[in-house]
Amino acid sequence: PNLTAAERATLERTFPIVRPYLAVWPLPNGEVFPDGTGDFIYTAKRPLREDFFQVRVDHQLSDNHSLFARHTFTDSEKVDPALFPQFSRGNNARNQYLTISETSIFTPTFLNTFRFGLSRTRPNSDLAAEDPAVDASLRFVPHVPQMGGIDPEDVDEVGEGVVGEFRTLNSFQWIDDAVWTKGSHTFKFGLNWNRLQFNGWNPGRDAGSYQFRSIRDFFLTRVQRFRGTIAQGFNDAFRSF
């Protein structure tokens, strides 16, 4: 839902302090409702690129030793439109998976298999794109090159408080399995060791995000909730374990 031109003009005259932000909302182009709001309808594009390859090697080292290796790589990026065509966000992901396995027959009754695995996933989110760009004077945080979010409860949100993020998750696995046959008995034993490593940058709405209970509260600048960075010196968004 969106404000009609008549409703917008009335509120502009009454509350001029928020007038510059009204231009960020497009006028309704669909059904208009009795409460002064209306539908805005548009067709969005969501371009997507995906690349994928896999390499596999099987090699017989000797009569009793064999090697297997596989590497899988995926890379993708897409543009996700927001509720209005002026705003969008780019997302991309690059994942890699590696497996190496060596099987040894030490005796006719003793078999051992060692495996190493690495899984790495890395999803990223870019800065919000503005086309056309919002006037820099409307940004809530001067050093962040995008307008933050404005979300009155009765209409759809414009802007974007999140400035992007990335996360890298690594999983290292060392696995060894042994099988020993003794007469009519078979014994299986081994070791499975997995190390997880996470590194990420997850800022907390560095561009700022304002939420209002109603359109009227928005024009009165009566904020229900603000989320954002209070100072650059207290904003270390890197996290790891």
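For the structure itself, consult the block above.
Residues numbered from 1 in each chain as written. Predicted model: local features only at pLDDT ≥ 70, side-chain atom pairs only at ≥ 80, totals over all residues. Heavy atoms only, no water.

Asks: Provide a residue-level description of the overall build of the protein, including the pertinent values.
Replies: A tally of regular secondary structure across the protein gives three helices and 12 strands. Over its C-alpha trace the protein gives a radius of gyration of 28 Å, far above what one expects of a compact globule, namely 18 Å for 241 residues. Projected onto the principal axes, the alpha-carbon positions of the protein cover approximately 95 × 40 × 35 Å. Across the 241 residues in the protein, those meeting the buried criterion constitute 31%. (Helix = DSSP H or I, 4+ residues; strand = E, 2+ residues; numbered from the N terminus. Rg over C-alpha atoms; globule rule 2.2 N^0.38 Å. Buried < 20%, exposed > 50% of the residue type's maximum accessible area, 1.4 Å probe, protein only.)

Asks: Any chance you could break down the nonpolar core for me, citing the residues and the numbers?
Replies: One finds Trp25, Met147, Ile150, Val158, Phe218 and Phe219 to be the most contacted residues of the largest nonpolar core, which totals 18 residues. Listing elements by their share of this core, those giving two or more residues are helix H2 (19-22) and helix H3 (215-219). For this core, the element with the highest residue contribution is H3, accounting for three residues. The contacts of methionine 147, once residues within four sequence positions are left out, are Tyr21, Val24, Phe87, Glu130, Val134, Leu138, Arg139, Val158, Gly159, Glu160 and Ala207. (Core = buried A, V, L, I, M, F, W, Y, C linked by side-chain atoms within 4.5 Å. Contact = heavy atoms within 4.5 Å.)

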